Amino acid sequence: VQLQASGGGLVQAGGSLRLSCAASGRTLSDYDMGWFRQAPGKEREFVAGIIWSGGRTWYADSVKGRFTISRDNAKRTVYLQMNSLKPEDTGVYYCAQRSLPLGAFNDPRSGFDSWGQGTQVTVSS
């Protein structure tokens, strides 16, 4: 699978961005998808996930109520709408795919094993 993330940029605090992740090589609708981010000097962290059908989502506590993950399987694309952005949201954002079903894991944030290149998000104060 190839995952291509886009939509990052520089935005002021309080602003919004929408990230997109275009998938090719596998049928997108068969797999759960997620977004992760990595800030400078920090480990990569889970941001949001969405089940293959779109009927269930998960979020990190730090983004709940501000970010929304969605997918359009017909367009083979996953989105991350980010509102009320804060400087601490700055980082490289990666989309990821989980090849095994959710039931194989105890934690819905686990098991993502295919990664795209990242897109930089910078939030200025």
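We now turn to the structure provided with this report. Note that residues are indexed from 1 along each chain, following the sequence as it is written. Local features in this predicted model are restricted to residues whose pLDDT is 70 or higher, and side-chain atom pairs enter the listing and the counts only when it is 80 or higher, whereas totals over whole chains, interfaces and linings include all residues. As a rule here, side-chain values come from all non-hydrogen atoms in the structure, and water together with hydrogens is ignored.

## Examining the overall build of the protein
Counted only if it meets this: Strands here are runs of E lasting at least two residues and helices are runs of H or I lasting at least four, both read from the DSSP assignment and numbered beginning at the N terminus. Put simply, the radius of gyration uses C-alpha atoms, and a globule should come to 2.2 Å times the residue count raised to 0.38. Between buried and exposed lies partly exposed: a residue is buried under 20% and exposed over 50% of the maximum accessible area for its type, with that area taken using a 1.4 Å probe on protein chains only. In this description, contact between two residues means that some pair of their heavy atoms is separated by no more than 4.5 Å. Here the accessible surface of atoms and residues is derived via Shrake-Rupley with a 1.4 Å probe, and residues count as covered only by protein chains that are part of the display.
In terms of helices and strands, the protein carries zero helices and eleven strands. Relative to the compact-globule value of 14 Å for 125 residues, the protein shows a C-alpha radius of gyration of 14 Å, a close match. The principal-axis extents of the C-alpha atoms in the protein amount to approximately 40 × 30 × 25 Å. Across the 125 residues of the protein, 42% fall into the buried class. Intrachain contacts of the protein at a sequence separation of at least 6 include 57% that bridge at least 24 residues. In the form shown here, the protein has an accessible surface area of approximately 6,300 Å², with 46% of it arising from carbon and sulfur atoms.

## Some details on the packing of aromatic side chains
In plain terms, the rule: Note on aromatic pairs: the rings of Phe, Tyr and Trp (six-membered ring only in Trp) are paired at centre separations within 6.5 Å, and the planes decide the class, stacked below 30 degrees, edge-to-face beyond 60, tilted for the rest.
Across all of its chains, the model carries three aromatic pairs by this definition. Where phenylalanine 36 meets phenylalanine 112, the ring centres are 5.3 Å apart and the plane angle is 75 degrees; that geometry is what we call edge-to-face. One end of the pair, phenylalanine 36, is in strand β4 (residues 32-38); the other, phenylalanine 112, is in strand β10 (residues 112-115), with 76 residues separating them in the sequence. The burial state of phenylalanine 36 is the same as that of phenylalanine 112; both residues are buried. Judged by centre distance (4.8 Å) and plane angle (65 degrees), the rings of phenylalanine 36 and tryptophan 115 are edge-to-face. On the criterion of sequence distance, the pair formed by phenylalanine 36 in strand β4 and tryptophan 115 in strand β10 is long-range, its members being 79 residues apart. The class of tryptophan 115 is partly exposed, set by a relative accessible area of 31%. A network of ring pairs unites the aromatic residues Phe36, Phe46, Phe112 and Trp115 as a single cluster.

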